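If you want the building blocks of each chain, they are given just below.
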Protein chains: 2
Amino acid sequence: MTKQVATNITWHEGSVSRAERNRNLGQKGATVWFTGLSGSGKSTIAVALEQVLLQRGNHAFCLDGDNVRHGLNKNLGFSAEDREENIRRIGEVAKLFADAGLIALTSFISPYRADRDKARTLHDDDKLDFIECYVECPLDVAEQRDPKGLYKKARAGELKGFTGIDDPYEEPLGAELVLRTDRFTVAECVQQVLDLLEERGILSA
Amino acid sequence: MTKQVATNITWHEGSVSRAERNRNLGQKGATVWFTGLSGSGKSTIAVALEQVLLQRGNHAFCLDGDNVRHGLNKNLGFSAEDREENIRRIGEVAKLFADAGLIALTSFISPYRADRDKARTLHDDDKLDFIECYVECPLDVAEQRDPKGLYKKARAGELKGFTGIDDPYEEPLGAELVLRTDRFTVAECVQQVLDLLEERGILSA
């Protein structure tokens, strides 16, 4: 298996810097952290935002229950300890994606302030590359939507420790964005995130 | 905070497909899994490969001890159970990166065949998008290099369960590539990986 070796391979000491990655991808890596009640619209906005970013030629990736709870975090349950570990791992993976130059879109209830703050502080410059988006929606509206039938189960006592019913949701105090999904359309919410990403220079205007 | 909402936001049902991502990034997502003894040259090759890929305009990201052991896996030690979980999580994260369209370069000793095989089977089409690269090097050569002084510590009994000394390294049986770092230069090893990535259509030739 002797092959012609290209003579134009050159590299420098150390890893590729984040600045080099940013140039290569034409954007800055960042995490957009959606938090809010079940049914508030986190995933709907994240999925729509991801598509719009790709249409613009940007590079984003959604981390959500589908690809995290059944994969990386499939060995975690819903005890207090496991919930904390769930969010910790998601924060670490989002940071890796941001380091890789992508825009990580995380879509988890993440009800506890302390857990979200820990995810924030993992990031390089957490005032720039971590954007907490509170997807706000009154409980009764979220419960009426109940896309997965979870509120119904929680009200029936079949689900214990359900956020908003018998477990608290701690509202963000310093979220970069508050997206009121009971007042704005998905397109309007997506636009608000895009505007902030441009303001911060994560996306080119 | 009323903003002008762009009218050109459109999206479709469901998430962005892997095919769309591949078009967007001009490559196919994949995992290149480097395995081998400590000091065999895994990280040297991975870092060099990452740089060459970025120079070509491709998008890759190294997962290694520096960014995983101190982050996502910082709550894991070196018990048999923790080692298995370490590699499991790395496999899951590499799969997420491959799903995102990036070329994940993992650089871990990953001494056990069963753990590597599990990482492989997580991937969508593990005969295409998972490339096991056995970074082979005789133990005495790796031990002479001893870049981190770990063999010395292991021989002195200060490190227990060190691969190659008092813990086994299970050689890959079906690795896509075997890179003999005692016989080939780093540039030559990098070129071998690039050739295979082109052959598989992960990179455009």
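Here is what the cut-offs are and how they apply
- Residues numbered from 1 in each chain as written.
- Chains lettered and ligands numbered in written order.
- Predicted model: local features only at pLDDT ≥ 70, side-chain atom pairs only at ≥ 80, totals over all residues.
- Heavy atoms only, no water.
- Helix = DSSP H or I, 4+ residues; strand = E, 2+ residues; numbered from the N terminus.
- Expected span 1.5 Å × (residues − 1).
- Buried < 20%, exposed > 50% of the residue type's maximum accessible area, 1.4 Å probe, protein only.
- Contact = heavy atoms within 4.5 Å.
- Pairing = 2+ DSSP bridges.
- Axes fitted to C-alpha atoms, helices over the stretch in contact; angles between N-to-C directions.
- Phe/Tyr/Trp six-rings, centres within 6.5 Å; stacked < 30°, edge-to-face > 60°.
- Lys NZ or Arg CZ within 6 Å of the ring centre and 35° of its normal.
- Salt bridge = Lys/Arg side-chain N within 4 Å of Asp/Glu carboxyl O.
- Polar contact = N/O pair within 3.5 Å; in protein donor to acceptor, adjacent residues only side chain to side chain.

1. Notes on helix H8 (residues 186-199) of chain A
Residue and element names in this part refer to chain A.
Part 1 of the reasoning: Taking 1.5 Å as the rise per residue, H8 with 14 residues should run 20 Å; its terminal C-alpha atoms sit 20 Å apart, in good agreement.
Part 2 of the reasoning: Counting buried residues along H8, 10 of its 14 residues qualify, which places the element largely inside the surrounding structure.
Part 3 of the reasoning: Where H8 is buried, its residues contact strand S1 (30-35), helix H2 (42-55), strand S4 (130-136) and strand S5 (177-180).
Part 4 of the reasoning: Just past H8, the residue Gly 201 takes up positive phi, approximately 75 degrees.

2. Side note on the side chain of Asn 22 of chain A
Residues and elements named next belong to chain A.
Part 1 of the reasoning: With respect to the helices and strands, Asn 22 occurs in helix H1 (residues 18-25).
Part 2 of the reasoning: Given a relative accessible area of 16%, Asn 22 falls into the buried group.
Part 3 of the reasoning: When neighbours within four sequence positions are excluded, Asn 22 is seen to be in contact with Gln 27, Lys 28, Gly 29 and Gly 101.

3. Focus on the sheet that holds strand S5 (residues 177-180) of chain B
Residue and element names in this part refer to chain B.
Part 1 of the reasoning: Strand order in the open sheet made by the five strands is S2-S3-S1-S4-S5, with parallel pairing throughout. The two strands at the open ends of the sheet, each matched to only one other strand, are strand S2 (60-64) and S5. Strand-to-strand, the axes of this sheet are offset by a mean angle of 20 degrees, without reference to chain direction.
Part 2 of the reasoning: By the bridge criterion, four bridges tie strand S4 (residues 130-136) to S5 in an arrangement that is parallel.

4. Notes on the packing of aromatic side chains
Part 1 of the reasoning: One pass over the structure, following the stated rule, counts nine aromatic pairs over all chains.
Part 2 of the reasoning: Between Tyr 151 of chain A and Phe 162 of chain A the ring centres are 5.0 Å apart and the planes differ by 85 degrees, which places this aromatic pair in the edge-to-face class. Within this pair, whereas Tyr 151 of chain A is found in helix H7 (residues 150-155), its partner Phe 162 of chain A is found in the loop between H7 and S5, the two being separated by 11 residues in sequence. The residues Tyr 151 of chain A and Phe 162 of chain A share a single accessibility class, namely buried.
Part 3 of the reasoning: An aromatic cluster of three or more residues is present, and its members are Phe 61 and Phe 97 of chain A together with Phe 61 and Phe 97 of chain B.
Part 4 of the reasoning: Over the aromatic face of Phe 78 of chain A sits the side chain of Arg 69 of chain A, whose NZ or CZ is 4.3 Å from the ring centroid.

5. A closer look at the pattern of salt bridges
Part 1 of the reasoning: Considering all chains together, one arrives at 40 salt bridges over all chains under this definition.
Part 2 of the reasoning: Notably, a salt bridge pairs Glu 84 of chain A with Lys 118 of chain A, separated by 2.8 Å at the nearest N-O pair. Of this pair, Glu 84 of chain A sits in helix H4 (residues 80-99) while Lys 118 of chain A sits in helix H5 (residues 113-122), placing them 34 residues apart in sequence.
Part 3 of the reasoning: Classification of Glu 84 of chain A by relative accessible area gives partly exposed; the value is 37%.
Part 4 of the reasoning: Taken together, the salt bridges that share partners define one network made up of Glu 85, Arg 88, Arg 89 and Glu 92 of chain A together with Glu 85, Arg 88, Arg 89 and Glu 92 of chain B.

6. Describing unusual backbone geometry
Part 1 of the reasoning: At Asp 146 of chain A, a residue that is not glycine, the phi angle is positive and equals roughly 30 degrees.
Part 2 of the reasoning: Note on Asp 146 of chain A: relative accessible area 16%, which makes it buried.
Part 3 of the reasoning: Within the chain, Ser 110 of chain B stands out as a residue other than glycine whose phi angle is a positive 35 degrees.
Part 4 of the reasoning: Taking the relative accessible area as the measure of exposure, Ser 110 of chain B reaches 2% and is therefore buried.

7. A few points about the environment of Phe 61 of chain B
Part 1 of the reasoning: In this fold, Phe 61 of chain B is placed in strand S2.
Part 2 of the reasoning: Each C-alpha atom of the pair Phe 61 of chain B and Ile 45 of chain B lies 13 Å from the other, and the pair is 16 residues apart in sequence.
Part 3 of the reasoning: With near-sequence residues (within four places) excluded, Phe 61 of chain B lies in contact with Arg 21, Leu 96, Asp 99 and Ala 100 of chain A together with Glu 50, Asn 67, Phe 97, Leu 102, Ile 103, Ala 104 and Leu 105 of chain B.

8. A word on the environment of Asp 166 of chain B
Residues and elements named next belong to chain B.
Part 1 of the reasoning: Relative to the assigned elements, Asp 166 resides in the loop between helix H7 (150-155) and S5.
Part 2 of the reasoning: When the C-alpha positions of Asp 166 and Gly 29 are compared, they lie 36 Å apart, and in sequence the two are 137 residues distant.
Part 3 of the reasoning: Contacts of Asp 166, omitting those with residues within four sequence positions, involve Leu 159, Lys 160 and Gly 161.
Part 4 of the reasoning: Polar side-chain contacts of Asp 166 include one of 3.0 Å to the backbone nitrogen of Gly 161.
Part 5 of the reasoning: Within the local environment of Asp 166, its side chain forms a polar contact with the backbone nitrogen of Phe 162, the two atoms lying 2.6 Å apart.

9. Here's the deal with the sheet that holds strand S2 (residues 60-64) of chain A
All names here are of chain A.
Part 1 of the reasoning: Across the sheet, five strands lie side by side as S2-S3-S1-S4-S5; this open sheet has parallel pairing. Looking at which strands have only one partner, the edges of the open sheet turn out to be S2 and S5. In this sheet, adjacent strand axes meet at a mean angle of 20 degrees when their direction is disregarded.
Part 2 of the reasoning: When S1 meets strand S3 (residues 103-107), the two strands line up parallel, connected through five bridges.

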